[in-house]
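The residues making up each chain are set out below.
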Amino acid sequence: TPSAASDAADTKDTAEAPAEGGYKIGLCFSEMTNALFADIQKILDERATSAGNQLIVRDAHSDANNLVQAIEDFTSAGCDMIIIQNFAGDAALPALQAARDAGICICSWDYALDVAHFSIINDEIELGKTIGSTAGKWINETLGGKAKVAICNYPTLSFLVTREEGIVQGLKETCPDAEIVN
């Protein structure tokens, strides 16, 4: 099977190279079909293009090999910056270090990485509390404060485990009679 980095259906490059003085930016998240990531991609693409930059997008499909290949492709393409969601742990670190050594600015999304120049990280507990509180308010208003609640989680991603803890806290604070079920 072709890697996500070489599959045209998984590639989104702006039509033109960056304008003179513009930047080439590589973007790779775990799943670009995720609605949040698709929205982020759209916003970044619009802003990059309007500023004379080029955004190159790869979908890792939650596969560490695809993630590493995307980083290597961004490095070979001469990207000035790579925005990466390193869900693969140590597997991607050598490729990220090689990119950094090549002078590429590394931005880590959702994970703090020593190899990154900077990271964009949510306070997952607070984000989770907001989600849980919003659900609790809806249960109070719509269901009289009583409901069985299932929390869909993805325990292989540590930040989502932390977010789930916040969801539970926010729900219990806002709607103590809601029962969390598995």
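This one's a predicted model, so the numbers in the text were calculated from it and none came from an experiment.

> Is there a simple way to think about the environment of Ala92 in this case?
Structurally, Ala92 can be placed in the loop between strand E4 (81-84) and helix H3 (93-101). Spatially, the C-alpha atom of Ala92 lies 9.9 Å from that of Ala70, the residues being 22 residues apart in sequence. Beyond its immediate chain neighbours, meaning those up to four positions away, Ala92 contacts Leu67, Val68, Ile71 and Asn86.

> When you look at the side chain of Lys24 in this model, what are you seeing that I'm missing?
For Lys24, the position within the fold is in strand E2 (residues 24-29). Although Lys24 lies buried, it forms no salt bridge, and the closest oppositely charged side chain, Asp80, sits 7.4 Å away as judged by the N-O distance. Polar side-chain contacts of Lys24 include one of 2.9 Å to the backbone oxygen of Ala77. Excluding residues within four positions of it along the chain, Lys24 makes contact with Pro18, Gln54, Ile56, Ala77, Gly78, Cys79, Asp80 and Met81.

> I'm lost on the packing of helix H4 (residues 124-143) against helix H5 (residues 158-174) in this one. Help?
Packed helix pairs are characterised by how far apart their axes lie and by the angle those axes make with each other. Between H4 and H5, the least distance of the axes is 6 Å, while the angle of their chain directions is 40°. For the element pair H4 / H5, the angle class is oblique. The two elements H4 and H5 meet at a crossing, and its hand is right-handed. In terms of residue class, the contact of H4 with H5 is made up of 8 nonpolar, 10 polar and 6 charged.

> What is the right way to look at the packing of aromatic side chains in this model?
Here a ring pair, both rings aromatic, is described through the centre-centre distance and the interplanar angle of the planes. Evaluated as defined, the whole model comprises 2 aromatic pairs. Aromatic side chains Phe29 and Phe37 sit 4.5 Å apart centroid to centroid with 40° between the ring planes, which places their arrangement in the tilted category. According to the relative accessible area criterion, Phe29 is buried, its value standing at 0%. For Phe37, a relative accessible area of 6% translates into the label buried. Centroid distance Phe29 to Trp109: 5.2 Å. Interplanar angle 55°. Geometry classified as tilted. Of this pair, Phe29 sits in strand E2 while Trp109 sits in strand E5 (residues 105-109); the two residues are 80 residues apart in sequence, bridging distant segments of the chain. Taken as a pair, Phe29 and Trp109 share a single burial class, namely buried. Taken together, the ring pairs connect Phe29, Phe37 and Trp109 into an aromatic cluster.

> Please clarify how the packing of helix H2 (residues 64-76) against H3 should be interpreted in this entry.
Remark: H2 packs on H3, axes separated minimally by 9 Å, with the N-to-C direction vectors making an angle of 10°. As judged from the angle between their axes, H2 and H3 are roughly parallel. Once H2 is placed against H3, the crossing between them reads as left-handed. Mapping the contact onto sequence places Val68, Ile71, Glu72 and Thr75 in H2 and Ala95, Leu96 and Ala99 in H3. By residue class, the composition of the contact of H2 with H3 is 5 nonpolar, 1 polar and 1 charged.

What counts as what
- Residues numbered from 1 in each chain as written.
- Predicted model: local features only at pLDDT ≥ 70, side-chain atom pairs only at ≥ 80, totals over all residues.
- Heavy atoms only, no water.
- Helix = DSSP H or I, 4+ residues; strand = E, 2+ residues; numbered from the N terminus.
- Contact = heavy atoms within 4.5 Å.
- Buried < 20%, exposed > 50% of the residue type's maximum accessible area, 1.4 Å probe, protein only.
- Lys, Arg positive; Asp, Glu negative; His and termini not counted.
- Salt bridge = Lys/Arg side-chain N within 4 Å of Asp/Glu carboxyl O.
- Polar contact = N/O pair within 3.5 Å; in protein donor to acceptor, adjacent residues only side chain to side chain.
- Axes fitted to C-alpha atoms, helices over the stretch in contact; angles between N-to-C directions.
- Parallel < 35°, antiparallel > 145°, perpendicular 65-115°, else oblique.
- Left-handed = near helix turned anticlockwise from the far one by under 90°.
- Nonpolar A, V, L, I, M, F, W, Y, C, P; charged D, E, K, R; others polar.
- Phe/Tyr/Trp six-rings, centres within 6.5 Å; stacked < 30°, edge-to-face > 60°.

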